[in-house]
Amino acid sequence: MAEAASRSSVPLIDMRNISIAFGGIRAVDDASVDLHAGEVLALLGHNGAGKSTLIKILSGAYKRDAGQIFVNGEEAVINNPRDAKKYGIETIYQTLALADNVDAAANLFLGRELMTRWNTLDDVAMEAEARKVMGRLNPRFQRFKEPVIKLSGGQRQSVAIARAILFNARILIMDEPTAALGPQETAQVGELVRQLKADGIGIFLISHDIHDVFELADRVCVMKNGQVVGTASTQDVTQDEVLGMIILGKCPPGAIPGPGALKIAA
Amino acid sequence: MSDATSATTADRAREAELGPLARFLKATELDIRMLGMLGALVLIWTVLHFLSGGLFLTPRNLWNLSVQTSSVAIMATGMVLVIVLRNIDLSVGSMEGFVGMVMGVLQAQILIRVFGFSLGEPWIWVIALGCGILTGLIIGALHGFIIAYLEVPAFIVTLGGLLIWRGAAWWVTSGQTVAPLDATFQLMGGGPMGSIGAGWSWAVAVAGCLGVAFLMLNGRSQRKRFRFPLRPVWAEVLLGGVACAAILGAVWVANSYPWPVGIVRRYAEARGVEVPEGGLFIAHGIAIPVLMAVAVGIVMTFVTNRTRFGRYVFAIGGNPEAANLAGINTRWVTMKVFMIMGVLVAISAAISSARLNAATNALGTLDELLVIAAAVIGGTSLAGGAGTIIGAMLGALLMQSLQSGMVLLGIDSPLQNIVVGAVLVIAVWLDTVYRKRV
Ligand SMILES: Nc1ncnc2c1ncn2[C@@H]1O[C@H](COP(=O)(O)OP(=O)(O)OP(=O)(O)O)[C@@H](O)[C@H]1O
Ligand SMILES: [Mg+2]
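Keep in mind the model is a prediction, meaning the values are calculated, not measured.

(A) Focus on the interface of chain B and chain A. Contacts between the two partners involve 33 residues from chain B and, on the opposite side, 31 residues from chain A. Contact with chain A buries area across many residues of chain B, yet Arg306, Arg311 and Leu325 of chain B alone supply 25% of it, more than any other trio. For the pair chain B and chain A, the interface holds five salt bridges. Ionic pairing is found between arginine 308 of chain B and glutamate 113 of chain A, a salt bridge with its closest N-O pair at 3.3 Å.

In structure tokens, the structure reads:
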């Protein structure tokens, strides 16, 4: 139903025929995905399938070899992370991408610092904002003054998530955002995803947890060896069928097959 | 509000488990590294004082030490940024020689012969220094461009620079020394005339103390704005008191060092003043190069701690990829750091050539090693991402103390080198041990 509504409108993000190769490896091969406002699209696939590479092209971290990106129906020029942020694309990277030697507040505002009247860093204001947003994610977190290298893996992940939601993103990319989180913190992120969705934000969610994906996502897109196996609404496929897509590349009847779908089965 | 209160209670709870020393450190927010360095400095000074039979801790020696330190200290502040950024600059000594030659030839020859300035005209030093700084900026920009945009490793680019600029310094005059320098320019080298005298020195001290008080009050009011936990008042008073005492003490030392008798006599004659029976006591006060070094230290501390640029330098040093993904223009930041380094080298070149009253093509030979050593002893991590300006300046003071102390003891230069080299290695080893434990 959400799908029917969004289908009629212009997609928030439309990535068409994206390809990139590293040396001889075709990490992403002619992949197309789209994402609508208020939608969660889960990207699934085996290790090395090309999920992170695909979204890093969207976030400006990599330059694609071929393909086009449309934001709200207009072709977007994304050559570096700054460009992507201008389109309201925020990313939680799998590697977290934190500056380990500075504290949580400095990381949250890295590249977009709050300044005082005299154009100097307003550290207290940043710490106050940091406390607010971290309170939403991980209320027990108190170590605002320490370099993030001293934090636990999950605390670091909370910092990376907080950074992405701090600046009113329109498109949020989450690359395995809960991999290091405890059950309570994971639940909090799930709650956050639902809130953001309700606010009309489009979310790419990369996860290996099929159960979580079916809880949160509206659609799934499965990749294999850099190609898209197929895209399906979570209502039209079962968890086992999605597992079949991931492992065998077999596209079930409820899904729209992509270039990577197993040909003989069809 | 609730955030701040819960933070305070959590901090309190943790505080109760700490011992008295740890509690003291927490309350004062002092850095153990910095304390260790100050301790090492005090130790070295005391030992040298006794070994030299009471010659080291005299106003005369300390004043000279301050002047000798300023040139390396200024460059060390720039080297901190370079090393924090995971780069290195091996060319600073050669650049110093080249820029010194450019300024020397400009003021002693070109401005006089080509542009018809008469000797001693007040604009000469301004033009010479300005052109020197511009030269340093351009050389730094060139280094930075090759490193950041052409992606040649800094080690190689500045190793090339080490050879190129030393050679270029020779080419400016085909190896001839340029002397004497402009009389006003010379003031940057210190000496009786190149010092600001007792009155102005006290004025600087008072301004410094007011500055300390302002910074502390400002910090408190900022934290109050968001109701963050404050440092206990006793800790603030203690820290402020120690800082003010250090400033006043240093100025008192500089003001206790009188002009030599001969210069006093000439000065008195020139002004037609009668020199009284016991001689006239005219204090040196703070030397101009020291004042310049302090000013550079303040500006660079501000830049690293309070500006976006400084924050980016540290973030890039901590994780270049993350900084790039956060949208920071890492190449431009890198280029700017090398430009700053070039400007600081030019200022140091002015000071050291003024002190010599000559520009020679050997000026600043091996300074790159002293500068890097000062930064590293001062706690700058060669792995990048960590370092402080004040630490590097203290590191420069420590190195210079050792060196001039050994000169005072009559130790010959091969042994001096051995000691300085050993101290560098030991200092960095201690630092490594310290970092592992914290
Ligand atoms: N910077 C790079 N240089 C060279 N090869 C790369 C680079 N980044 C990714 N690859 C290759 O591209 C392929 C896709 O990698 P990618 O990180 O996108 O996989 P993924 O689907 O995110 O896997 P995972 O589930 O393990 O995170 C892999 O074969 C990987 O080796
Ligand atoms: Mg990945």
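(B) Seen up close, the coordination of the magnesium ion (ligand 2). Around the magnesium ion (ligand 2), the protein contributes the donor atoms Ser52 of chain A (OG) and Gln94 of chain A (OE1), at 1.9 to 2.1 Å from the metal centre. Of this pair, serine 52 of chain A sits in helix α2 (residues 51-58) while glutamine 94 of chain A sits in the loop between β6 (89-92) and α4 (104-108); the two residues are 42 residues apart in sequence, bridging distant segments of the chain.

(C) Fine view of the environment of valine 80 of chain B. Residues and elements named next belong to chain B. In this structure, valine 80 sits in helix α4 (residues 59-84). We classify valine 80 as buried; its relative accessible area is 0%. When the C-alpha positions of valine 80 and isoleucine 372 are compared, they lie 8.4 Å apart, and in sequence the two are 292 residues distant. With sequence-adjacent residues up to four places away left out, valine 80 is seen in contact with Ala375, Thr380, Gly387, Thr388, Ile389 and Ala392.

(D) Just the side chain of glutamine 155 of chain A, in detail. Within the element layout of this structure, glutamine 155 of chain A appears in helix α6 (residues 153-165). A polar side-chain atom of glutamine 155 of chain A sits 2.9 Å from the main-chain amide nitrogen of serine 152 of chain A.

(E) A look at the nonpolar core. Counting 74 residues, the largest nonpolar core has Met79, Phe185, Val313 and Ile328 of chain B as the members making the most contacts within it. Sequence-distant contacts of methionine 79 of chain B, defined by excluding residues within four places in its chain, comprise Asp89, Val92, Met341, Val371, Ile372 and Ala375 of chain B. Of all hydrophobic cores here, the second largest spans 51 residues; its members include Leu44, Val133, Leu151 and Ile201 of chain A.

(F) Expanded view of the pairing of β6 of chain A. Residues and elements named next belong to chain A. Residues Ile89 and Thr91 line one face of β6 and the alternating positions Glu90 and Ile92 line the opposite face, and both faces are buried. Across four bridges, β6 lies against strand β7 (residues 171-175) in parallel orientation. The residue of β7 that forms the bridge with isoleucine 92 is methionine 174.

(G) Expanded view of the pattern of salt bridges. Across all of its chains, the model carries 24 salt bridges over all chains by this definition. Between aspartate 34 of chain A and arginine 219 of chain A there is a salt bridge whose closest N-O contact spans 3.1 Å. Taken as a pair, aspartate 34 of chain A in strand β2 (residues 25-35) and arginine 219 of chain A in strand β9 (residues 219-224) lie far apart in primary sequence, 185 residues in all. Both residues of the pair, aspartate 34 of chain A and arginine 219 of chain A, belong to the buried class. One salt bridge in this structure joins arginine 225 of chain B and aspartate 122 of chain A, with 3.2 Å as the shortest N-O distance. Residue arginine 225 of chain B is found in helix α9 (residues 197-225), and its partner aspartate 122 of chain A is found in the loop between α4 and α5 (123-137); the two belong to separate chains. The network of salt bridges with shared partners includes Glu127, Arg131 and Lys145 of chain A together with Arg223 of chain B.

(H) Seen up close, the UniProt feature "domain: ABC transporter" (unreviewed entry) in chain A. UniProt feature "domain: ABC transporter" (unreviewed entry): in the numbering of this structure it lies at residues 13-250 of chain A. For residues 13-250 of chain A, the helix share is 34%, the strand share is 26%, and the end-to-end C-alpha distance is 26 Å.

(I) Up close: the site of ligand 1. Residue and element names in this part refer to chain A. Near ligand 1 lie 14 residues; those nearest to it are Asn47, Gly48, Lys51, Ser52 and Thr53. Interatomic distance of 2.5 Å between a side-chain N/O atom of threonine 53 and an oxygen atom of ligand 1. Separating an oxygen atom of ligand 1 from a side-chain N or O atom of histidine 208 is a distance of 3.0 Å. Compared with its free state, where it exposes 630 Å², ligand 1 has 66% of that area covered by protein. Broken down by element, the shell around ligand 1 gets its largest block of residues, three residues, from α2.

What counts, and at which threshold
Residues numbered from 1 in each chain as written. Chains lettered and ligands numbered in written order. Predicted model: local features only at pLDDT ≥ 70, side-chain atom pairs only at ≥ 80, totals over all residues. Heavy atoms only, no water. Contact = heavy atoms within 4.5 Å. Buried area = accessible area lost by both parts, 1.4 Å probe. Salt bridge = Lys/Arg side-chain N within 4 Å of Asp/Glu carboxyl O. Donors = N, O, S within 2.8 Å, 3.2 Å for Na, K, Ca; no water. Helix = DSSP H or I, 4+ residues; strand = E, 2+ residues; numbered from the N terminus. Buried < 20%, exposed > 50% of the residue type's maximum accessible area, 1.4 Å probe, protein only. Polar contact = N/O pair within 3.5 Å; in protein donor to acceptor, adjacent residues only side chain to side chain. Core = buried A, V, L, I, M, F, W, Y, C linked by side-chain atoms within 4.5 Å. Pairing = 2+ DSSP bridges. UniProt positions renumbered as here; feature names shortened; annotations may be inferred. Near = heavy atom within 4 Å. Areas by Shrake-Rupley, 256 points an atom, 1.4 Å probe, with all protein chains shown as cover.

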